[in-house]
Amino acid sequence: MLKRRGALAAAAGWMIVPAAAVRAQAWPSQPVKILVPYGPGGAADAVGRVVAERLTALLGQQVIVENKAGGNTIIAMEAVAKAKPDGYTLLLGSTTMATNVALGFKQPFDPLKDFQPISTIADIHDLIAVNKDLPIKDYASFVAWVKAQPDKVRFACSGIGNQPHLWGELFRTRTGLKMEVVGYKGSADAIRDVMAGHVPMVVDVVVPTGNHVKQGRLTGICLAATERSAICPDVPTVVELGMPDLVSSAFFGIVGPASLPGPVVERLNGMCRELLKDEAVRKRFAELGFVTTGSTPAAFLERVKFETGRWTKVVRDNDIKVEG
C-alpha cells in the first residue's frame, strides 16, 4: 500500500511542471523576431540578417528581422524590454546599451536589469585615418605632425556621443595630443570632408573608413584592436604601438527581455555560438569589417557593465553633452 501511494505521489509530482518550463520545452513553436534598432541596408542590419538566416536553419523555425530605428536605438530597446519574455521577441543589442547610459539619456528601462543578454555576436573596431596628402605616413609622423600644429587638430566623426567619438576623446586624453571633434551626421560626410582636405583626420569604425585606406584614398594611422584587420592590413594596432588600454570597438549581440526562461536562454546562446563557428558566417562578417565574438550570457552582461563604466568616465572627464 505504501509503495502504491509512493508511486502515485511520484506520478503526481511528475505532472506538476512549471508553466515556464513547459513553454521553454515547446520553444520555438512560431516565428521568432529580432528587432534591429537601425534602418535597413547598413552594417548593423546586415549582422541581424546573417544571424536570423542561420538561426532559422538551426532552430527549424523562421527567424525574421524587423528594423525599428529611432531614438538612438531606444525605441527598439523599449519594445523588447516590455515584450513578453517568451523568446519570440529579441533585440540586436549594441554599444548604445552602454553609451546611452554614459550620456545620461532618459530611457524608459534599465539596460542592466530589464534585458537578458544572450550572446555577443561581433565587434567592429575603431580606426584613425588622415588625408593622404598630409606629410604623414605612419603613427610616429602622425604624432609629430599633430604636436607641430599651433592650434588643436580637428578630427571628423560620424556623430557626437557615439562610440567612435568617445573613443576619439579617450585616445586624445591617453596620448595628450591636442585634438577636438567635428561632428557629422554620418560616416560618409565625415570621410568626404577629410578626403577633400577640409578636416585633416577622421575617427570612425573600420568600415567604411578602412576601405578608403585600402584603396589609398586615406592614410591609416592606428586600429583599436588586438590584431590587424584584413580590410586594411598595413595599419598597426594600438597593441603594437604600446597602448593596449586603447583597444576598443562597437559591439553587437543578441538580447532578450528580462525573465526569459533559462532553457530558452541556454538554447539560444548555444545556437548563437554555433553559428559563429560557421566559416561562411565568419567570412561574411569579416567582409563587413566585423570580428566574430560569441560569449556566455554572464560575460555579455559584464561587457555591458565595463563599457558603461568606461564611457561614463570619458563623458564626465570631457564634459560631453548630447541631447537625448
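Residues numbered from 1 in each chain as written. Predicted model: local features only at pLDDT ≥ 70, side-chain atom pairs only at ≥ 80, totals over all residues. Heavy atoms only, no water.

(A) Structural detail: the overall build of the protein. Across its full length, the protein carries twelve helices and ten strands. Seen through its principal axes, the protein has C-alpha atoms that stretch 95 × 40 × 35 Å. Considering only contacts within the protein whose residues lie at least 6 apart along the sequence, 77% involve residues at least 24 apart. In the form shown here, the protein has an accessible surface area of approximately 15100 Å², with 55% of it arising from carbon and sulfur atoms. (Helix = DSSP H or I, 4+ residues; strand = E, 2+ residues; numbered from the N terminus. Contact = heavy atoms within 4.5 Å. Areas by Shrake-Rupley, 256 points an atom, 1.4 Å probe, with all protein chains shown as cover.)

(B) Fine view of the pairing of strand β5 (residues 153–157). In terms of burial, β5 is largely enclosed, as four of its five residues are buried. By the bridge criterion, five bridges tie β5 to strand β6 (residues 179–183) in an arrangement that is parallel. Bridge pairing links C157 to G183 in β6. The parallel pair β5 and β6 is bridged by helix α7 (residues 163–175), and the resulting crossover is right-handed. Pairing between β5 and strand β7 (residues 201–205): three bridges, direction parallel. The residue of β7 that forms the bridge with C157 is V203. (Buried < 20%, exposed > 50% of the residue type's maximum accessible area, 1.4 Å probe, protein only. Pairing = 2+ DSSP bridges. Right-handed = clockwise from strand over helix to strand, strands pointing away.)

(C) Region of interest: the side chain of T95. Among the structural elements, T95 can be located in the loop between β3 (89–94) and α5 (96–102). By relative accessible area, T95 is classed as buried at 5%. Not counting chain neighbours up to four residues away, the residues in contact with T95 comprise Q163, S249, A250, F251 and W311.

(D) Main features of the confidence of the model for the protein. For the protein, mean pLDDT is 92; residues scoring 70 or higher make up 92% of the total. Scored below 50 in pLDDT, residues 1–17 shows one contact in the model against residues more than four places distant or in partner chains. (pLDDT = per-residue confidence, 0-100.)

(E) Structural context of unusual backbone geometry. The residue after W27, namely P28, is reached through a cis peptide bond having omega -5 degrees. Its location among the elements puts P28 in the loop between α2 (19–26) and β1 (32–36). Omega for the peptide link from V207 to P208 comes to 20 degrees, which places this bond in the cis form. Counting through the fold element by element, P208 comes out in helix α9 (residues 206–214). One non-glycine residue, N72, lies in the positive phi region at around 55 degrees. Within the secondary structure, N72 sits in the loop between β2 (63–67) and α4 (74–81). By relative accessible area, N72 is classed as partly exposed at 40%. Phi is positive for D319, close to 50 degrees, though the residue is something other than glycine.

(F) Structural context of the packing of aromatic side chains. One pass over the full model with this rule turns up nine aromatic pairs. Relative to F290, the ring of F285 has its centre 6.3 Å away and its plane inclined at 65 degrees; by these criteria the two rings are edge-to-face. Classification of F285 as buried rests on a relative accessible area of 0%. Taking the relative accessible area as the measure of exposure, F290 reaches 5% and is therefore buried. Taken together, the aromatic side chains of Y38, F252, F285 and F290 make up a single cluster linked through ring pairs. (Phe/Tyr/Trp six-rings, centres within 6.5 Å; stacked < 30°, edge-to-face > 60°.)

(G) Fine view of the pattern of salt bridges. Going through the model one piece at a time under the given rule, you end up with 16 salt bridges. Put simply, E169 and R172 hold a salt bridge, and the shortest N to O gap is 3.0 Å. Of this pair, E169 and R172 both sit in helix α7, three residues apart, which is roughly one turn of the helix. Overall, the relative accessible area of 8% leaves E169 in the buried class. When the shortest N-O distance is used, the salt bridge between E302 and K305 registers 3.6 Å. On the criterion of helical spacing, the pair formed by E302 and K305 is a turn pair, its members being three residues apart in helix α12 (residues 297–317). For E302, a relative accessible area of 46% translates into the label partly exposed. (Salt bridge = Lys/Arg side-chain N within 4 Å of Asp/Glu carboxyl O.)

(H) Molecular detail of the nonpolar core. Residues I34, V51, L55, I121, I254, F285 and F290 are the most contacted members of the largest nonpolar core, which totals 54 residues. Take this core: its biggest share by element is eight residues, from helix α3 (residues 43–59). By size, the runner-up hydrophobic cluster in this structure holds 47 residues, among which are A102, F105, V130 and I221. (Core = buried A, V, L, I, M, F, W, Y, C linked by side-chain atoms within 4.5 Å.)

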